[in-house]
Amino acid sequence: MSDGLFLTLEGIDGAGKSSHLDAMEALFKARGRTVVRTREPGGTPLAEILRGLILEQPMDPLTESLLVFAARRDHVVRVIEPALARGDVVLCDRFTDATFAYQGAGRDFDTQVLSTLEQWVQGGRGAAGLLQPHVTLWFDLAPEIAAQRLAGARLPDKFESQPVEFFRRVAAGYAARAVADAPRFVRIDASQTRDQVWQQVETALVARGALAPESGAAR
Ligand code: TMP
């Protein structure tokens, strides 16, 4: 994968992850890296169309999972893998951990099926194994606080309008993923102030080798 770097941000709706994307992009660019900033569901014209359906249309959890992974396949093939092959930094707002958290835990869907889809979509890379982020920043926030932050922010989509109990399950899903893949995950305490959260993000990127401690090339 040359020295491309694949970073993802995860967390329940309202955890504040997306507000740090600008600063992360600027940080890597200041170190001379080319940054591809993207999101899921989405990131390609086709995947953005699927995003609209996933976020707005009622559907059963299998349909939702198939659409999320269809969007992901297009995104991986057209955007993520080429960027990593070029040596770019891919900064992705959500990836497969969100599927295990939202569809798996939140909607109580079969995680064996999700694992199979993950293999199909992120596998097939021979010795390189399953495509996974190098580092995943998990913005962890109590669902009650996230709901307060979201209240009145904008018209809620299908997921944002779920009850707090749904987000308790999603949060538990993220916690389980973090335990299962501890070397990849960094827990960010998103209850702190914005500046403190940013400090945690920078520290985590350095600690996980994604960013050199002082000026010079990131990995
Ligand atoms: P965003 O608002 O952070 O862009 O995320 C879009 C919504 O889609 C968010 O509520 C989480 C949800 N989602 C899933 O349910 N499954 C997935 O695999 C992904 C990537 C997002």
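Once a new chain begins, its residue numbering starts again from 1 and follows that chain's sequence as written. Thresholds applied to this predicted model are a pLDDT of at least 70 for local features of residues and 80 or more for the giving and counting of side-chain atom pairs; totals over whole chains, interfaces and linings are not thresholded and use all residues. The basis for every side-chain value is the complete set of heavy atoms in the structure, and neither hydrogens nor water enter the calculation.

An unreviewed UniProt entry annotates the protein as Thymidylate kinase of Variovorax paradoxus. What UniProt states about the protein under its Function (unreviewed entry) heading is, verbatim, "Phosphorylation of dTMP to form dTDP in both de novo and salvage pathways of dTTP synthesis." As stated in UniProt under Sequence similarities (unreviewed entry), the record for the protein gives "Belongs to the thymidylate kinase family." UniProt positions are given in the numbering used here, feature names are shortened, and annotations may be inferred rather than shown by experiment.

Asker: Honestly, the site of the ligand in this entry has me stumped. Any pointers?
Answerer: For this description, a residue counts as near a given molecule or strand if any of its non-hydrogen atoms is within 4 Å of it. Around the ligand, the surrounding shell holds 15 residues, and the nearest of these are Asp-13, Arg-51, Arg-94, Thr-99 and Gln-103. Each polar contact in these results corresponds to two N or O atoms within 3.5 Å; when the atoms are within protein, one needs to be able to donate a hydrogen and the other to accept it, and residues that are neighboring in sequence are counted only if both atoms are side-chain atoms. Contacts to the ligand include Arg-51, whose side-chain N or O atom sits 2.9 Å from an oxygen atom. Looking at the shell around the ligand, the elements that each hand over two or more residues are helix 2 (45-56), helix 3 (61-86) and helix 4 (96-106). The dominant element in the shell around the ligand, judged by the number of residues it contributes, is helix 4, at four residues. Class assignment for the residues of the shell around the ligand results in seven nonpolar, two polar and six charged. Numbering of helices and strands starts at the N terminus; helices are DSSP runs of H or I of at least 4 residues and strands are runs of E of at least 2. Note that Gly is not counted as nonpolar here; it falls among the polar residues with everything else outside the nonpolar set of Ala, Val, Leu, Ile, Met, Phe, Trp, Tyr, Cys and Pro and the charged set of Asp, Glu, Lys and Arg.

Asker: Could you clarify how one ought to interpret the UniProt feature "binding site: ATP" (unreviewed entry) in the protein in this entry?
Answerer: As annotated by UniProt and renumbered to match this structure, "binding site: ATP" (unreviewed entry) occupies Gly-11, Ile-12, Asp-13, Gly-14, Ala-15, Gly-16, Lys-17 and Ser-18. In this structure, Ala-15 sits in the loop between strand 1 (5-11) and helix 1 (21-30). Beyond its immediate sequence surroundings of up to four residues, Ala-15 is in contact with Phe-139, Leu-141, Ala-146, Arg-149 and Ala-190. In this structure, Gly-16 sits in the loop between strand 1 and helix 1. When accessible area is computed with a 1.4 Å probe and restricted to protein chains, residues below 20% of their type maximum are described as buried, those above 50% as exposed, and intermediate ones as partly exposed. Under the relative-accessibility criterion, Gly-16 is labelled partly exposed at 31%. A contact between two residues is defined here by any heavy atoms of the two lying within 4.5 Å.

Asker: Please clarify how the side chain of Gln-122 should be interpreted in this entry.
Answerer: Along the chain, Gln-122 falls in helix 5 (residues 111-122). The class for Gln-122 is buried, based on a relative accessible area of 1%. Setting aside its immediate chain neighbours within four residues, Gln-122 contacts Phe-69, Arg-72, Phe-95, Thr-96, Gly-129, Leu-130, Leu-131 and Gln-132.

Asker: Whenever I open this one, the pattern of salt bridges confuses me. Can you help?
Answerer: Any two side chains of opposite charge can pair, given that their charged atoms come close. When a carboxyl oxygen of Asp or Glu lies within 4 Å of a side-chain nitrogen of Lys or Arg, that pair is called a salt bridge. Scanning the model with the defined rule gives 20 salt bridges in all. Of the charged contacts, one joins Asp-93 and Lys-17 as a salt bridge, the two residues approaching to 2.6 Å between their closest N and O atoms. Taken together, the residues span a long stretch of sequence, with Asp-93 in strand 3 (residues 89-93) and Lys-17 in the loop between strand 1 and helix 1 at a distance of 76 residues. Taken as a pair, Asp-93 and Lys-17 share a single burial class, namely buried. Of the charged contacts in the structure, one is a salt bridge between Glu-118 and Arg-177, with a shortest N-O distance of 3.3 Å. Here the residue Glu-118 occupies a position in helix 5, and Arg-177 occupies one in helix 7 (residues 164-180), the gap between them amounting to 59 residues. Taking relative accessible area as the criterion, Glu-118 reaches 6% and is therefore assigned buried. Here Arg-177 falls in the buried class, since its relative accessible area comes to 16%.

Asker: Help me understand the sheet that holds strand 5 (residues 185-189) in this model?
Answerer: Pairing between strands is defined by DSSP: at least two bridges between the two strands are required. Reading across the sheet, the five strands line up as 2-3-1-4-5 and stay open at both edges, with parallel pairing between neighbours. Edge positions in the sheet fall to strand 2 (35-39) and strand 5, since each of these pairs with one other strand and no more. Averaged over all adjacent pairs, the angle separating strand axes in this sheet is 20°, with direction ignored. Where strand 1 meets strand 4 (residues 135-140), five bridges bridge the pair, whose relative direction is parallel. By the bridge assignment for strand 4, Leu-9 is matched with Leu-137. Working convention: axes come from line fits to C-alpha atoms, limited for helices to the stretch in contact. Angles between N-to-C directions cover 0 to 180 degrees. In the packing of helix 8 (residues 194-207) onto the sheet, contacts are made with strand 1, strand 4 and strand 5, and the angle to strand 5 comes to roughly 160°.

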